[in-house]
Amino acid sequence: MNYHVDERGFYGEFGGAFIPEMLHGNIEKLRNQYLLHMEDPSFKDEFDALMKDYVGRPSPLYFAPRLSDKYGAKIYLKREDLNHTGAHKINNTIGQILLAKRLGKTRIIAETGAGQHGVATATVCALMGLRCIVYMGSVDIQRQAPNVARMRMLGAEVRPAESGSKTLKDATNEAIRDWINNPVETHYIIGSVVGPHPYPDMVARFQSVISEEMKWQLQHQEGRDYPDYIMACVGGGSNAAGAIYHYLDDDRVQIVLTEAAGKGIDTGESAATSVLGSKGIIHGSKTLLMQTDDGQIIEPYSISAGLDYPGIGPMHAHLIHTKRAIVQYATDDEAIKAAFELSRIEGIIPALETAHSFASLEKMKFNKEDVVVINLSGRGDKDLATYIEYLNDFSQS
Amino acid sequence: MNRIQSLFQRKNKEVLNIYFTAGHPTKESIQDIVLQLDSSGADLIELGMPYSDPLADGPTIQESSQKALANGVTLSYIFEQVALIREHSEIPIIMMGYYNQMLQFGEQKFLEAAQKAGVDGLIIPDMPMYMYEEHYQHMFQQNNITISFLVTPETSKERILQADRLSSAFLYIVSQSSITGTASKATEAQKSYLNTLKELDLKSPSLIGFGIKDYDSFHHACQYANGAIIGSAFIKKLESSDLPIKETVDQFVKKIRIPVS
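Conventions used here
Residues numbered from 1 in each chain as written. Chains lettered and ligands numbered in written order. Predicted model: local features only at pLDDT ≥ 70, side-chain atom pairs only at ≥ 80, totals over all residues. Heavy atoms only, no water. Core = buried A, V, L, I, M, F, W, Y, C linked by side-chain atoms within 4.5 Å. Buried < 20%, exposed > 50% of the residue type's maximum accessible area, 1.4 Å probe, protein only. Domains from an automatic or database assignment. Contact = heavy atoms within 4.5 Å. Axes fitted to C-alpha atoms, helices over the stretch in contact; angles between N-to-C directions. Helix = DSSP H or I, 4+ residues; strand = E, 2+ residues; numbered from the N terminus. Parallel < 35°, antiparallel > 145°, perpendicular 65-115°, else oblique. Left-handed = near helix turned anticlockwise from the far one by under 90°. Nonpolar A, V, L, I, M, F, W, Y, C, P; charged D, E, K, R; others polar.

Novice: Honestly, the nonpolar core in this entry has me stumped. Any pointers?
Specialist: One recurring pattern in soluble globular proteins: nonpolar side chains tend to sit buried together. Counting 154 residues, the largest nonpolar core has B:Phe20, B:Leu47 and B:Phe170 as its most contacted members. Counting contributing residues, this core receives three or more from each of domain 1 (11-50 + 89-202) and domain 2 (58-86 + 208-394) of chain A. With residues near it in sequence (within four places) discarded, B:Phe20 still touches B:Ile30, B:Ile33, B:Val34, B:Leu37, B:Ile45, B:Glu46, B:Leu47, B:Gly48, B:Phe234, B:Ile235 and B:Leu238. Of all hydrophobic cores here, the second largest spans 37 residues; its members include A:Tyr3, A:Ala240, A:Ala243 and A:Ile244.

Here it is, written out as structure tokens:
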């Protein structure tokens, strides 16, 4: 089975580029050039140097003793939360901003859900002196106020998306429309492994630094370069893509993806795409998405803005379809509980998105010797307002 | 030959194609609008299939789509309405929407339903040309449904020729790099793009869309193509007018056809 992208941008039957002609020129140019640039030694040098000195990589692979005790396995945390800007998102934005410069672009647009990708984009634009416009659903602007302030402080313009559910899906629509209107000078930095080819592959490659480091870190700490399990949360799926990229063809590694079940899969307020979705087109890509019988996209729900997306990256749709990956689901409440647990037993406050992946731990059956890596994709500072509402429920009395 | 193809045989200039979102402003208005457009002098109707996420469309069509969906419009309902229109009118009708809508309905089933209802053509802006050629061309032909592909100022000559070869109704010339409903004055770059298209000696008739809104912009566009498409300006008029729908439609079409004195 091939889990990588083919020439036309498909992962099995998922992926491709279903875009209006107005976007064709830009997508075609990107498709023809992204690998050439990414494989150019001077590009790699520049990327690696920024990863090291600006982002702070490699990110630690931390053995979590108390969590391991509790769940009966050897649990490691890949500390993407320690990256500059507080999440894995910066790996991709550094890569894409270098690419945008090489493509001669002077204006950057991005979409954001939780605001992590928006902040990571605003950051690299400040670093490179490029104009930055971030589209964000007006609902998300409300629930992620600290990140909105950070983007503005970094010099970005945050434009509210007022259509549809006013969340990530709609922010993405607005960013795509902006690109249609400004095709020449603008590069669109998509933040996840979604969108038309080559985005899913390009973003996965930039994020693959996560699993690249895991290999040598595990070799050093465990004496073997692979874990038995890799666990990650998925909305679009970029942190998961990075964490599994170098293990896709290694069947010894079980891939566990956790989707946001919102208030429960059957409540009508959920973002569990792999159960509630069917094959269709969203944001230029064929994948699994939540839709009506008439092909209208359904507005998802999750407490976590970063997982509140009705689709899933085509690579993940393929992994799920072929059963290469197994999927778990975590409700809002389970994610909150897991966030408090990690905070209390390891001293790490995770992002709400990431907390969904930790909520899957108790649903897994591990052997004591199993090596488990959880991708700790982001830190929870941005979610404090949400966590505060639950402080009384988890008081240490 | 279907109704669109015979239209272009009879008429090769100033073809007026009017777009509106099916089921907006009211669910029941589809028939009235189409029949009035026909008797007032439009040549071709483009029925927008309202979609939750219309990527290529500006605010006017987005909002009209949201309203039409809220009004309860479905693809089956649109097909039913076209069938009823066919009892009174032979005006060529195109349906324009997004690939996911056709995919979810089932491609074969969609084309059969369209043909049965009396639809003459489709425009699916996010369906790749290669995919049409490899998977659907035969299916479209069997059901006597035409297709029109889009070209933009950024489209390479090679792709223009491909779009021309594959389009069986007309070539849809997007006048500028933008989403729908964005109006602007013709620039020199735009004129040179339109002249280049003219000089390519394409086999398909062509219609210019995006930014056409009144007598002047329509007749200006008609200098470079066989006609033009008006969408957002018509939808705005339907929404803002206090007159009954039929009068609104009639006045709108007459203002496009006859210069204001």
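Novice: Explain the packing of helix H2 (residues 29-40) of chain B against helix H4 (residues 75-85) of chain B here, please?
Specialist: In a packed pair of helices, the relevant descriptors are the angle between the two axes and the axis-to-axis distance. Residue and element names in this part refer to chain B. Between H2 and H4, the shortest axis-to-axis distance is 9 Å and the interhelical angle comes to 40 degrees. Our classification of the angle between H2 and H4 gives oblique. H4 is crossed by H2, and the crossing has right-handed handedness. Contact residues: Ile30, Gln31, Val34 and Leu35 in H2; Tyr77, Gln81, Leu84 and Ile85 in H4. Broken down by class, the residue content of the contact of H2 with H4 amounts to six nonpolar, two polar and no charged.

Novice: For this particular structure, what's the right way to read the packing of helix H5 (residues 116-128) of chain A against helix H7 (residues 145-153) of chain A?
Specialist: Residue and element names in this part refer to chain A. Running from N to C, H5 and H7 cross one another at 10 degrees; their axes reach a closest spacing of 9 Å. Classified by the interaxial angle, the pair formed by H5 and H7 is roughly parallel. Only Asn147, Arg150 and Met151 of H7 make contact with H5, whose side of the interface consists of Gln116, Gly118, Val119 and Ala122. In terms of residue class, the contact of H5 with H7 is built from three nonpolar, three polar and one charged.

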